[in-house]
Amino acid sequence: MNSSSMQAKKHTKKSFVLRRGRVTAAQRRALNSLKNEYTIKLNKGMLNLAEAFLDPGRKLIADVGFGSGESLLSMANKYSEANFVGIEVYSSGIGSALNQIQESNLTNLKIIEADVFQLLETNIADDTFDGVIFLYPDPWPKRKHHKRRLLSESFLNLLYDKTTNNGLVFCKTDWENYYYQIKEGFSADERWASEDLTNLPEYLHSLPKTKYERKALIEGRQPRELLFRKASR
């Protein structure tokens, strides 16, 4: 079933709570002085993401909810053959990433400040991303809040449209029931094929541990990974 027919109502629920996290002086300076250079500004129409990069012909990888940016910066630094877009809503993480982009003089990484669901619905053309990464999406651990989890059926339909043929989706979570929810959601849809984790693309090799992963390990939760490939239309 085409996802456009399933998305008649625009997304109104958010898969996150916009918390007032502390923004450091360095992050605030970056937000004030570096946004114009390293972010992609939203408008009312579709974004042309390719034109934001010096080499628009490269594969385009999105990291959704990148936190403070450790993994995002690591990927962009190690894998210059692709362009990367970090999508985040929290100012502190965006400020940290902007500082690191400048320090590393990266030309293959841009930031978008947005709710990813609304961004994909409104501003991203179909067949845009060659890869989409979700590292420790908010697990909403209470059962009554599971409906707020990002990687739901409606979002998977939207994600399918925005991913290129044979594009990859990589997920990592430390919550067992969320892992199985994601796995079952993709597996129930014949448009996605499960990929062996030995086929991870180069940019996903040896990612640094995020603060969420370190916390999970301290609390005894084992991170699990999932890799899916979009079947050709």
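Colleague: Residue-level account of the pairing of strand β5 (residues 163–173), with values.
Modeller: Taken across its 11 residues, β5 has nine buried, putting it largely inside the fold. Considered for its hand, the β-α-β crossover made up of strand β4 (residues 129–135), helix α7 (residues 153–162) and β5 is right-handed. Relative to strand β7 (residues 224–230), β5 runs antiparallel, the two sharing six bridges. Bridge pairing in β7 places Phe-170 opposite Leu-227.

Colleague: Account for the pairing of strand β2 (residues 82–88), with residues named and values stated.
Modeller: Look at any regular strand and the pattern is simple: side chains alternate between the two faces of the sheet. In terms of burial, β2 is largely enclosed, as seven of its seven residues are buried. A two-sided burial pattern is seen for β2, the buried positions comprising Ala-82, Phe-84, Gly-86 and Glu-88 on one face and Asn-83, Val-85 and Ile-87 on the other. Bridge count for strand β1 (residues 59–64) against β2 is six bridges, and the pairing is parallel. Bridge pairing in β2 links Lys-59 to Ala-82.

Colleague: Help me get a handle on the packing of aromatic side chains, residues and values and all.
Modeller: Applying the stated rule across the entire model yields eight aromatic pairs. Geometrically, the ring pair formed by Phe-134 and Phe-155 is edge-to-face, given 5.9 Å between the ring centres and 85 degrees between the ring planes. Of the two residues, Phe-134 is situated in strand β4 and Phe-155 in helix α7; the sequence distance between them amounts to 21 residues. Side by side, Phe-134 and Phe-155 carry an identical accessibility label, which is buried. Across the ring face of Tyr-160, the terminal group of Arg-191 is positioned such that the distance to the ring centre comes to 4.3 Å.

Conventions used here
Residues numbered from 1 in each chain as written. Predicted model: local features only at pLDDT ≥ 70, side-chain atom pairs only at ≥ 80, totals over all residues. Heavy atoms only, no water. Buried < 20%, exposed > 50% of the residue type's maximum accessible area, 1.4 Å probe, protein only. Helix = DSSP H or I, 4+ residues; strand = E, 2+ residues; numbered from the N terminus. Right-handed = clockwise from strand over helix to strand, strands pointing away. Pairing = 2+ DSSP bridges. Phe/Tyr/Trp six-rings, centres within 6.5 Å; stacked < 30°, edge-to-face > 60°. Lys NZ or Arg CZ within 6 Å of the ring centre and 35° of its normal.

Geometric descriptors of this kind do not, in isolation, establish any biological role.
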